[in-house]
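# Results of the structural survey
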Amino acid sequence: MWQQRMITLRARSRGFHLVTDELLAALPELAQCRVGLLHLWLQHTSASLTINENADGAVRRDFERFFNRLVPQGEGGYEHDYEGPDDLPAHFKSSLLGCQLSLPVSAGRLALGTWQGIYLGEHRDQGGARRVVATLQGESD
């Protein structure tokens, strides 16, 4: 079984957002996959995907605080500023965290740990809707 689909995530404000349910809702084929792999590819250079804590929203807020300290907005000395002061810091954060995930599928579900969820890191003040290419490969029931 091979399936590929483009998923458009709704626009979000700057920060880290749990998007597991939104992605799964767009992938009904996952339920027929006995064993496999889901690859997610974010088609943007100013946002990211990562896996982390899915229960406590404070973790996502702390992620935002940490990355804003690590890559502060408004630092001088950089050339790329065509799209505003949040653009280059967003590119740095995206490169640090990455734009892709490979997730195991078992018995029609993502084989995530109990407290794991998929985060979209929105690194622009107004990033807009984000596109994810989801490729599912595996053995169906």
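Report on the accompanying structure. (Residues numbered from 1 in each chain as written. Predicted model: local features only at pLDDT ≥ 70, side-chain atom pairs only at ≥ 80, totals over all residues. Heavy atoms only, no water.)

### Notes on the nonpolar core
Ranked by internal contacts, the top residues of the largest apolar core, which has 22 residues, are L23, L38, L40 and I118. Leaving out residues up to four positions away in the same chain, I118 has contacts with H17, L18, V19, T20, L23, L40, L49, T50, I51, L101, L103 and L110. (Core = buried A, V, L, I, M, F, W, Y, C linked by side-chain atoms within 4.5 Å. Buried < 20%, exposed > 50% of the residue type's maximum accessible area, 1.4 Å probe, protein only. Contact = heavy atoms within 4.5 Å.)

### Details of the sheet that holds strand β7 (residues 116–126)
The antiparallel open sheet is built from three strands, whose spatial order is β2-β7-β4. Edge positions in the sheet fall to β2 (13–18) and β4 (47–53), since each of these pairs with one other strand and no more. Between one strand axis and the next, the sheet turns by 20° as a mean value, whatever way the strands run. Bridging between β2 and β7 involves five bridges; their strand directions are antiparallel. Across the sheet, the residue bridging to S13 is Q126, located in β7. (Pairing = 2+ DSSP bridges. Helix = DSSP H or I, 4+ residues; strand = E, 2+ residues; numbered from the N terminus. Axes fitted to C-alpha atoms, helices over the stretch in contact; angles between N-to-C directions.)

### A closer look at the packing of aromatic side chains
The full count for this structure, using the stated rule, is seven aromatic pairs. Summarising the aromatic geometry, the rings of F63 and Y119 are spaced 5.5 Å apart at their centres and angled 70° between planes, so their arrangement reads as edge-to-face. On the criterion of sequence distance, the pair formed by F63 in helix α2 (residues 57–70) and Y119 in strand β7 is long-range, its members being 56 residues apart. Judged by its relative accessible area of 0%, Y119 falls in the buried class. Aromatic side chains Y78 and F92 sit 5.4 Å apart centroid to centroid with 65° between the ring planes, which places their arrangement in the edge-to-face category. In this pair, Y78 is assigned in the loop between α2 and α3 (87–97) and F92 in helix α3, connecting sequence segments 14 residues apart. Taking the relative accessible area as the measure of exposure, Y78 reaches 47% and is therefore partly exposed. Site record: aromatic cluster; members linked through ring pairs are F16, F63, F66, F67 and Y119. (Phe/Tyr/Trp six-rings, centres within 6.5 Å; stacked < 30°, edge-to-face > 60°.)

### Concerning unusual backbone geometry
In this structure, A107 takes a positive phi of about 55° despite not being glycine. Considering the arrangement of structural elements, one finds A107 in the loop between β5 (100–106) and β6 (109–110). We classify A107 as exposed; its relative accessible area is 61%.

### Description of the pattern of salt bridges
Enumeration over the complete set of coordinates arrives at 10 salt bridges. For D125, the salt bridge is made with R14, and the minimal N-O distance between the two is 2.8 Å. A residue pair is termed long-range when its members are at least 10 positions apart, and D125 in strand β7 and R14 in strand β2 qualify at 111 residues. Judged by its relative accessible area of 22%, R14 falls in the partly exposed class. Its salt-bridge partner being E122, residue R130 comes within 2.8 Å of it at the nearest N-O pair. Classification of R130 as buried rests on a relative accessible area of 3%. The network of salt bridges with common partners includes E83, D86, D87 and R124. (Salt bridge = Lys/Arg side-chain N within 4 Å of Asp/Glu carboxyl O.)

All quantities given are derived from atomic positions and should not be read as evidence of function.
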